[in-house]
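# Summary of the model geometry
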Amino acid sequence: MDPPEHNTSMREKLRLPFPLLSDARGELAKSYGIWNDDEGIAVPTIIVLDRGGEIHYFYAGSDFADRPGDEEIFSALDNLEDTDGSFDGEPEIRVSGEEANEQSVRPERPAMTLEQLIPYYRGVYFTTVAFKKRFSAQGKEDVAEEVDAYQALTSGYSEALAETRKLHSS
């Protein structure tokens, strides 16, 4: 959903070896049924496409923390090497970078910097610690286990951010 410049910034920040595509007007999200009308954004989704636009992996989360594991995504990316990437037709929806920047459904939401992400995930982690403690004290072990999964997710993000920070400083 982010404009191309935000995706470029994210790609550079995380040193991703592949492009992040923009659906700045939300047309693809709407066509795939992942648009949230109430929030005016797409649900968190990861789609792996080959150069021809064929979908090789599709994951739509139920909320911001519902994400597949890294191994699942990397496996989908590794499988792209087995495709020839040829494509005979034109993409269904084409938008120039300029159009996407001008017509973005999220122009007021700038990408977070690496330095902003580190304390953000630290705060999220400590929130989960508090929730887990409270739910466990109330005997809600099933909820505490779910919070455990969020803790693992945010810990993984924090570790990846620390690694990325090291890469940027070297």
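Further up the page is the structure itself.
Residues numbered from 1 in each chain as written. Predicted model: local features only at pLDDT ≥ 70, side-chain atom pairs only at ≥ 80, totals over all residues. Heavy atoms only, no water.

### Quick notes on the pairing of strand E3 (residues 45-49)
Bridge analysis of E3 against strand E4 (residues 55-60) gives five bridges, and the strand direction is antiparallel. Paired with Ile47 across the strands is Phe58, a residue of E4. With antiparallel pairing between neighbouring strands as the criterion, E3 and E4 make up a hairpin whose turn holds five residues, including Gly53 at a positive phi of roughly 90°. (Pairing = 2+ DSSP bridges. Helix = DSSP H or I, 4+ residues; strand = E, 2+ residues; numbered from the N terminus.)

### Here's the deal with the side chain of Thr164
Of note, Thr164 is situated in helix H6 (residues 141-169). A relative accessible area of 7% places Thr164 in the buried class. A polar contact is formed between the side chain of Thr164 and the backbone oxygen of Ala160, at a distance of 2.8 Å. Setting aside anything within four residues of it in sequence, one finds Thr164 in contact with Lys13, Leu14 and Leu114. (Buried < 20%, exposed > 50% of the residue type's maximum accessible area, 1.4 Å probe, protein only. Polar contact = N/O pair within 3.5 Å; in protein donor to acceptor, adjacent residues only side chain to side chain. Contact = heavy atoms within 4.5 Å.)

### Some points on the nonpolar core
Ranked by size, the top nonpolar core spans six residues in total: Val48, Tyr57, Ile73, Ala76, Leu77 and Leu80. Considering every element that reaches this core, the biggest residue donor is helix H3 (residues 70-79), with three residues. Contacts of Tyr57, omitting those with residues within four sequence positions, involve Ile46, Ile47, Val48, Pro68, Glu72, Ile73 and Ala76. (Core = buried A, V, L, I, M, F, W, Y, C linked by side-chain atoms within 4.5 Å.)

### Quick notes on helix H5 (residues 114-137)
Note: α-helices contain 3.6 residues per turn, so residues at a spacing of three or four share the same orientation. Along its 24 residues, H5 runs 35 Å from first to last C-alpha, staying within 8% of the 34 Å computed at 1.5 Å per residue. Those residues of H5 lying buried are Leu114, Leu117, Ile118, Tyr121, Val124 and Thr128. Against the buried residues of H5 lie helix H1 (4-14) and H6. Just downstream of H5 lies Gly139, where phi reads positive at about 75°. (Expected span 1.5 Å × (residues − 1).)

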